[in-house]
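Chains, contacts and geometry: an overview
Take a look at the letters that make up each chain.
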Amino acid sequence: MINLQQDADGNIRMSRHFPANTPISITFTDGSQEVLLGHRMNEIYDAALAVYRERNHLDAKGYTRNPVKTGHQRNAIEFVPVHPGMAKE
């Protein structure tokens, strides 16, 4: 089981997909706790990643079609917004 803690901004740290059948326990800031399977968390991660890419004008694969700027660019997210009741959605 993987244990995650919601931060004050309402997010959890998740920078990759979890194994599909792994139980994941999320402790929310209000003290409640919820257990989801990895495939559900992966769906939530993918939805948050799609929103990030849309807001930053990236294509579906995370690439920008504008001229490349120098420096390290990582087209991914690390923080995923969560809320109680997500397991039932």
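Cut-offs used in this document
Residues numbered from 1 in each chain as written. Predicted model: local features only at pLDDT ≥ 70, side-chain atom pairs only at ≥ 80, totals over all residues. Heavy atoms only, no water. pLDDT = per-residue confidence, 0-100. Helix = DSSP H or I, 4+ residues; strand = E, 2+ residues; numbered from the N terminus. Salt bridge = Lys/Arg side-chain N within 4 Å of Asp/Glu carboxyl O. Buried < 20%, exposed > 50% of the residue type's maximum accessible area, 1.4 Å probe, protein only. Pairing = 2+ DSSP bridges. Axes fitted to C-alpha atoms, helices over the stretch in contact; angles between N-to-C directions.

On average, residues of the protein chain score 84 in pLDDT, and 87% of them are at 70 or above. Here strand β5 (residues 79-81) is the element of the protein chain with the lowest mean pLDDT, 84, and strand β3 (residues 23-27) is the one with the highest, 94.

What follows is about the pattern of salt bridges. The tally for this structure, following the rule as stated, stands at two salt bridges. In this structure, R13 and E78 form a salt bridge, with 3.3 Å as the shortest nitrogen-oxygen distance. Of this pair, R13 sits in strand β2 (residues 11-13) while E78 is found in the loop between α1 (38-55) and β5, placing the two residues 65 residues apart along the sequence. Since its relative accessible area comes to 52%, R13 is described here as exposed. The partner of E43 in a salt bridge is R40, with the nearest N and O atoms 3.3 Å apart.

Take the pairing of strand β4 (residues 33-37) next. Only one face of β4 is covered, namely the one carrying E34 and L36; the face carrying Q33, V35 and L37 has none of its residues buried. Where β3 meets β4, five bridges bridge the pair, whose relative direction is antiparallel. The partner of I26 across the bridge, within β4, is E34. Between β3 and β4, which follow one another and run antiparallel, lie five residues, and G31 among them has a positive phi close to 95 degrees.

Across the sheet, three strands lie side by side as β1-β3-β4; this open sheet has mixed pairing. Pairing within the sheet leaves two strands with one partner each, and these edge strands are β1 (2-5) and β4. The mean inter-strand angle of the sheet, taken between neighbouring strand axes irrespective of direction, is 25 degrees. Relative to β3, β1 is paired through four bridges, and the arrangement is parallel. The partner of I2 across the bridge, within β3, is I24.

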